[in-house]
Amino acid sequence: SQQGEEDPQALSIQEGENATMNCSYKTSINNLQWYRQNSGRGLVHLILIRSNEREKHSGRLRVTLDTSKKSSSLLITASRAADTASYFCATNSGNTPLVFGKGTRLSVIA
Amino acid sequence: NAGVMQNPRHLVRRRGQEARLRCSPMKGHSHVYWYRQLPEEGLKFMVYLQKENIIDESGMPKERFSAEFPKEGPSILRIQQVVRGDSAAYFCASSPPGQVNGYTFGSGTRLTVV
């Protein structure tokens, strides 16, 4: 079953702008992860945030987690055309396999 | 370190044939996961394996699909008597025990059933 639900489904922005994607989930989690997928390629792990963390940074990426609302956001600052991809959140609960959302398709226009 | 290797990258099968998809995990990774992705969709979990053991196959269709991860060699996802609805991208991922740092994905096998 689909655990994470990303919104928006699609997002189009100008190069240099910030992109924010949201993810909601249903059950308690150990951690939440964000992945990126370029068209026709496999997924690349971007960042993992544990359930006891509220915010995490990695380069131009900022992830927040609100376990009371069962939601997370991924912010990409100063976007570039090369950031164009689909972004998926995935949740981990115990030793169960990751459950992925349907993704947000980000288009960054140069 | 070659990462997760999947082959073939593209596979075309006629209806009724068998499809065999192979996945070699990253060195040191003992956990393998298979996911299926339909166009414009997210990844749907199929099966989770460790060497010689199926840990969770709750996402596998009950018929025609099977998976193995033998002591030696790659993990194999096998689809018998393929139908058009099996056309999809099949991704394999691996992780060390504990999944602490997320999964490493292969580039996928795109199966087309004609």
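About the criteria used
- Residues numbered from 1 in each chain as written.
- Chains lettered and ligands numbered in written order.
- Predicted model: local features only at pLDDT ≥ 70, side-chain atom pairs only at ≥ 80, totals over all residues.
- Heavy atoms only, no water.
- Contact = heavy atoms within 4.5 Å.
- Buried area = accessible area lost by both parts, 1.4 Å probe.
- Salt bridge = Lys/Arg side-chain N within 4 Å of Asp/Glu carboxyl O.
- Polar contact = N/O pair within 3.5 Å; in protein donor to acceptor, adjacent residues only side chain to side chain.
- Helix = DSSP H or I, 4+ residues; strand = E, 2+ residues; numbered from the N terminus.
- Nonpolar A, V, L, I, M, F, W, Y, C, P; charged D, E, K, R; others polar.
- Buried < 20%, exposed > 50% of the residue type's maximum accessible area, 1.4 Å probe, protein only.
- Pairing = 2+ DSSP bridges.
- Disulfide = S-S within 2.5 Å.
- Phe/Tyr/Trp six-rings, centres within 6.5 Å; stacked < 30°, edge-to-face > 60°.
- Axes fitted to C-alpha atoms, helices over the stretch in contact; angles between N-to-C directions.
- 1 Å grid on protein atoms, 1.4 Å probe; cavity = no way out; pocket = protein on both sides within 12 Å on 5 of 7 lines; lining within 4 Å.
- Points joined across faces, edges and corners; volume = space filled by probe spheres on them.

Q: Explain the interface of chain B and chain A residue by residue, including any values.
A: Frequently, the measure chosen for interface size is the accessible area removed from exposure when the parts meet. Each partner contributes to the interface: chain B provides 22 residues, whereas chain A provides 21 residues. Each partner contributes to the roughly 1700 Å² buried at the junction of chain B and chain A, and carbon and sulfur atoms together form 48% of this total. Seen at the junction of chain B and chain A, the total is 0 salt bridges. There are 5 residue pairs in polar contact (both at pLDDT 80 or more) connecting chain B and chain A. Going through the elements one at a time, strand 4 (31-37) and strand 5 (43-50) of chain B are the ones with two or more residues in the side of chain B that touches chain A. The biggest single contributor to the side of chain B that touches chain A is strand 5 of chain B, with 4 residues. Per-class residue counts for the side of chain B that touches chain A are 9 nonpolar, 7 polar and 6 charged.

Q: Lay out the pairing of strand 9 (residues 88-95) of chain B in plain terms, naming residues and giving numbers.
A: A regular strand carries its side chains on alternate faces of the sheet. Residue and element names in this part refer to chain B. Counting buried positions along strand 9 gives 8 out of 8 residues, so the element sits mostly inside the fold. Alternating residues of strand 9 divide into A88, Y90, C92 and S94 and A89, F91, A93 and S95, and every residue in both groups is buried. Sheet topology note: the strand 4/strand 9 ladder contains 7 bridges and is antiparallel. Bridging from a neighbouring strand, Q37 pairs with A89 of strand 9. As paired strands, strand 9 and strand 11 (residues 109-113) are joined by 3 bridges and run antiparallel to one another.

Q: For the state of the cysteines, give the residues involved together with the corresponding values.
A: Residues and elements named next belong to chain B. Scanning the entire structure with this criterion turns up 2 disulfides over all chains. One disulfide bridge connects C23 with C92, the sulfur atoms lying 1.8 Å from each other. Taking the torsion about the sulfur-sulfur bond, which here is approximately -50°, the covalent link between C23 and C92 counts as left-handed. Of the two residues, C23 is situated in strand 3 (residues 19-24) and C92 in strand 9; the sequence distance between them amounts to 69 residues.

Q: Explain the packing of aromatic side chains residue by residue, including any values.
A: Per the counting criterion, the structure on display carries 9 aromatic pairs over all chains. For the ring pair A:F100 and B:F105, a centre distance of 5.9 Å and an interplane angle of 75° mean the geometry is edge-to-face. You can see A:F100 sitting in strand 10 (residues 99-100) and its partner B:F105 sitting in strand 10 (residues 104-105), one on each of two chains. With respect to burial, A:F100 and B:F105 carry one shared label: buried. Joined through ring pairs, the aromatic side chains of A:Y35, A:F100, B:Y33, B:Y35, B:F45, B:Y48, B:Y103 and B:F105 make up one cluster.

Q: Account for the sheet that holds strand 3 (residues 19-24) of chain A, naming residues and giving values.
A: Residues and elements named next belong to chain A. If you walk across this open sheet you meet the 5 strands as 1-3-8-7-6, and the pairing is antiparallel. A single partner strand is all that each edge strand has here, and the edge strands are strand 1 (5-7) and strand 6 (55-58). Ignoring strand direction, the axes of neighbouring strands in this sheet form an average angle of 15°.

Q: Would you mind going over the pattern of salt bridges in detail, with residue names and values included?
A: Residues and elements named next belong to chain A. Enumeration according to the criterion identifies 6 salt bridges over all chains in this entry. Two residues, E55 and R62, come together in a salt bridge whose shortest N-O distance is 3.2 Å. We classify E55 as partly exposed; its relative accessible area is 40%. Exposure remark for R62: the relative accessible area of 30% places this residue in the partly exposed category. As a salt-bridge pair, R60 and D83 come within 2.9 Å of each other at their nearest N and O atoms.

Q: Break down the sheet that holds strand 1 (residues 5-7) of chain B for me, citing the residues and quoting the values.
A: Residues and elements named next belong to chain B. Spatially, 1-3-8-7 is the arrangement adopted by the 4 strands of the open sheet, whose pairing is antiparallel. In this open sheet, the two strands that pair with only one neighbour each are strand 1 and strand 7 (65-68). For this sheet, the mean angle separating the axes of adjacent strands, direction not counted, is 15°. With 4 bridges joining them, strand 7 and strand 8 (residues 75-79) adopt antiparallel strand pairing.

Q: Requested: an account of the layout of surface pockets, with residues and values cited.
A: Within this model, the largest pocket holds a volume of roughly 450 Å³. At the level of secondary structure, the elements contributing two or more residues to the lining of the largest pocket comprise strand 9 (85-92) and strand 11 (104-109) of chain A together with strand 9 of chain B. The residue makeup of the lining of the largest pocket, split by class, is 8 nonpolar, 9 polar and 6 charged.

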